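Residues per chain are reported as follows:
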Amino acid sequence: DQSITWSRSFGGTEGVPFAVSDTTVFHLASLTKPLASTVILQLVDEGKVSLDDPVSRYGINLPGTVLVRHLMSHTSEGVPGTRYAYNGDRFSLVHSVVAQAAGKPFADAVQERIIAPLRLTHMAPTPQSVAFTASGLDKTAYLANVAPGYTWNGERYVATAYQTAFSTAAGLTASARDYAAFSMAMDRDAFLKPATKALAWTPVVSPSGETFPYG
């Protein structure tokens with residue numbers, strides 16, 4: 001019923017006294033894509049974008065007639081719409097769609113349309129990117145709450161640097177609690193018309209009738 005009923009944190013980080021909580025910030029990687037898709041589909045609801053627009057309209061140059069829906073559903077390679085191939089680099093190109101249709105970069109659009117309305121203070125572009133300024137948050141304070149990354153090298157855990165790039169494909173950071181708030185907002189249709197959300201939640205079907213694993 002639109003509330004978090006249970007929350008518990010486990011463990012900490014290797015080698016430093018950093019206890020994890022439900023407000024600890026982690027890098028979202030490709031979990032950035034649902035927020036980017038939501039922003040684009042808001043622009044669809046507002047009549048500023050059509051899923052059947054050729055991406056060339058937004059300054060994206062790709063072989064063949066690639067439509068916005070093809071980039072969003074990972075079906076832009078080969079004959080557009082006929083083959084599924086997950087490709088984050090291709091998905092990052094929809095940044096140009098947002099920038100042109102919304103009149104501002106994705107970082108500003110997601111801040112204005114999703115993060116600010118939900119009053120999320122533990123969600124922002126990676127602090128290692130210039131896009132972080134769109135959050136309006138204090139960078140030093142935010143970084144102090146970001147879980148440090150580490151990798152197992154076969155013998156021990158070693159520190160690893162997070163990515164510095166930010167796009168519609170990856171680069172957002174957030175706490176578990178803030179991402180849950182976004183998830184609940186989607187459940188109550190806070191950002192999209194029900195029919196538009198249903199379209200996003202429905203697997204794409206190829207012209208030959210093959211069902212792909214993506215909306």
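These remarks concern the structure in this document.

**Here's the deal with the sheet that holds strand β1 (residues 25–27)**
- Pairing is antiparallel in the open sheet, where three strands are placed in the order β1-β5-β2. Edge positions in the sheet fall to β1 and β2 (123–125), since each has one partner strand and no second. Each adjacent strand pair in this sheet contributes to an overall mean axis angle of 25 degrees, direction not counted.
- The sheet contact formed by β2 and strand β5 (residues 172–175) spans three bridges and is antiparallel. Note on β5: the bridge partner recorded for Met123 is Ala174.

**Brief notes about unusual backbone geometry**
- A positive phi angle, near 55 degrees, is found at Arg119, a position not held by glycine.
- In this structure, Arg119 sits in the loop between α5 (106–115) and β2.
- We classify Arg119 as exposed; its relative accessible area is 75%.
- The residue Asp189 is not glycine, and still its phi comes out positive at about 60 degrees.
- When you line up the elements, Asp189 lands in the loop between α7 (176–187) and α8 (194–201).

Cut-off values and rules
Residues numbered from 1 in each chain as written. Predicted model: local features only at pLDDT ≥ 70, side-chain atom pairs only at ≥ 80, totals over all residues. Heavy atoms only, no water. Pairing = 2+ DSSP bridges. Helix = DSSP H or I, 4+ residues; strand = E, 2+ residues; numbered from the N terminus. Axes fitted to C-alpha atoms, helices over the stretch in contact; angles between N-to-C directions. Buried < 20%, exposed > 50% of the residue type's maximum accessible area, 1.4 Å probe, protein only.

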